[in-house]
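For reference, the chains in residue letters:
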Amino acid sequence: MITLFTPATGFPDLEAKIAYGLARVGIEAGVEVEILPREGFYQINFINLTGSPSKINQTFVLLSERLLSSSRFYDLGIKARFKSIYPAVDEKGNFKERLKKIDILSLYKPFNKLSFDFKSDKFCGHKKIPKFGSPYDKEIHSGGLILLASTHAGKPYWRDNRKNEFNLTLCEVCGYLATLGYTSFNFRIQIGKGNNRKYIIVLPVPQKSLKNPDLLTLFASQKTLHNFWLSDIIPLSDFTIGLLSKVPTLSEFIEEIPLSFHLSLVSKDNRGDTIVEQSAFIDTFMYSKFINASSYNAEMIEKLLRGSPKIKSLDAINKVLLSKDRIELMKFARLFIQETSSDNFVNLLYPETSNYLLREVAMIRSEIIEDKAISSVAHTLRYFISKKKYHYADDIRNARKDSRDFEDTIAKMLREGRLRLEQEKYIHLPNESEIRKLFELANENFDEVKTALVILALSFPTKKEEVQDA
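Below, the structure is looked at part by part. (Residues numbered from 1 in each chain as written. Predicted model: local features only at pLDDT ≥ 70, side-chain atom pairs only at ≥ 80, totals over all residues. Heavy atoms only, no water.)

Structural notes on the packing of helix H4 (residues 172–185) against helix H5 (residues 212–225)
The contact between H4 and H5 brings their axes to 7 Å, and the two run at 75 degrees. With respect to each other, H4 and H5 are oriented roughly perpendicular. Within the contact between the two elements, H4 uses Thr-183, Ser-184 and Phe-185 and H5 uses Leu-215, Leu-218, Phe-219 and Gln-222. Of the residues assigned to the contact of H4 with H5, the class counts are 4 nonpolar, 3 polar and no charged. (Axes fitted to C-alpha atoms, helices over the stretch in contact; angles between N-to-C directions. Helix = DSSP H or I, 4+ residues; strand = E, 2+ residues; numbered from the N terminus. Parallel < 35°, antiparallel > 145°, perpendicular 65-115°, else oblique. Contact = heavy atoms within 4.5 Å. Nonpolar A, V, L, I, M, F, W, Y, C, P; charged D, E, K, R; others polar.)

In structure tokens, the structure reads:
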């Protein structure tokens, strides 16, 4: 086994891209590859290498020559006037012979960076290799960390002298490996339409070991998702749940193999230059768990993405999954109905989705969710919601334990329900024992009962209720 290490540059997305670049080299060289996250860097294991270790270097040269010799095939995020100096060819279009002398296996061994000079040294610590972006052996060009090598990089200023700026630098081998990792394992997802089209670069960041089959799955997914269109413009914070709902196979994969997402929202200006508008690290666990729990959950999110995205509801469900707050859950259910219903149809939550949110997110006990008294009153409350009379549900949602609001609202709803029944309009009404049981449960577990009652009422009826109504 051969063990390599990324150079600990301090830029988390750059480290992951270099690790993926080394993994791509290993895969193409025919070895089994494993990526292990460490503190601030990655360990890459090449297992079962057949033949000479020089095969790794030969594969790096081959990939550089075929994939990295023209900026037409990849976007570095640099200004148009600099694009010609970054590919793996010189100013005459010939492959850079110096790359054939590189020894990958010795270059990516651990080394001491205690004497690092922030301004003059390359962040990867490879002093004897030209800067990425230097067209000649002699570093006459400034070079630097390209924008899409790390969206956190830039041109710092000297202290007390803002006119004096310098570019952070990286060696060209690290630059090419980062570009190779970026083009091989990142997902490029489009959002928006026409002149408002943007794209989000999704870098899967491993939380645990990524073995050869996992890497091959990610590699295949990258090919499938390249330039995948997700929806019209949505906030970056809502992107992950949207992507996983539309690509459930990816959601299943990342729940089995824990991955975080490093997201970069990128657009082009009028000159075609790349602009990074926003970036974020996202923990995917709660989203993948939600999507994988039921196909109805994914369908609900897709419904929020169709046409003009329902931003308020997307923000709300995102907040609910992260905070597990019961008040926010009831707000989400109300917003969902408000944003997805039409003049002729009141759209409710799927029962499977409501059940998941009550059990797994709000952490409400099964005996509360399945209680017949609560279900019976929710049945009545749903009747008024279906008639677009939301005030009963809203009043129950806003009721406080230290007041009579909950009991008074239930009483008013039942009075109107009896009046409608006398007018020969069908409406289910709970019996007296069910009302007493509801108030007893509310007295003991007010927040749980209130939340369950509202969410069940804002959900489509179960098959059992439909049979009873028939």
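Examining helix H10 (residues 311–323)
Helix length check: H10 (13 residues) gives 18 Å between terminal C-alpha atoms against 18 Å at 1.5 Å per residue, within 8%. The secondary structure elements touched by the buried residues of H10 are helix H6 (239–246), helix H8 (285–293), helix H9 (295–305), helix H11 (326–340) and helix H12 (351–361). Lys-324 lies just past H10 and shows a positive phi near 55 degrees. (Expected span 1.5 Å × (residues − 1).)

With respect to the pairing of strand E6 (residues 187–191)
Within E6, 4 of the 5 residues are buried, which leaves the element mostly enclosed by the surrounding structure. In this structure, the hairpin formed by E6 and strand E7 (residues 198–206) is closed by a connection of 6 residues, where Gly-192 is found at a positive phi of approximately 85 degrees. Sheet topology note: the E6/strand E8 (residues 228–231) ladder contains 3 bridges and is parallel. Residue pairing in the sheet places Gln-190 in a bridge with Trp-229 of E8. (Buried < 20%, exposed > 50% of the residue type's maximum accessible area, 1.4 Å probe, protein only. Pairing = 2+ DSSP bridges.)

Quick word on the packing of aromatic side chains
Enumeration over the complete set of coordinates arrives at 14 aromatic pairs. Plain terms: the ring middles of Phe-345 and Phe-460 are 6.3 Å apart, the flat faces sit at 25 degrees to each other, and that makes the pair stacked. Residue Phe-345 is found in the loop between H11 and H12, and its partner Phe-460 is found in the loop between helix H18 (446–457) and helix H19 (463–469); the two are separated by 115 residues along the sequence. Relative to Phe-384, the ring of Tyr-383 has its centre 5.3 Å away and its plane inclined at 85 degrees; by these criteria the two rings are edge-to-face. What links up through ring pairs into an aromatic cluster is the set Tyr-296, Phe-345, Tyr-350 and Phe-460. Sitting over the ring of Tyr-199, Arg-188 keeps its end group 3.7 Å from the ring centre. (Phe/Tyr/Trp six-rings, centres within 6.5 Å; stacked < 30°, edge-to-face > 60°. Lys NZ or Arg CZ within 6 Å of the ring centre and 35° of its normal.)

Focus on the state of the cysteines
Applying the stated criterion across every chain, the model contains 0 disulfides. Its sulfur unpaired, Cys-171 is 3.7 Å from the next cysteine sulfur, which belongs to Cys-124. Judged by relative accessible area, Cys-171 falls into the buried class, the value being 0%. Looking at Cys-174, it has no disulfide partner, and the nearest cysteine sulfur is the one in Cys-171, 3.7 Å off. (Disulfide = S-S within 2.5 Å.)

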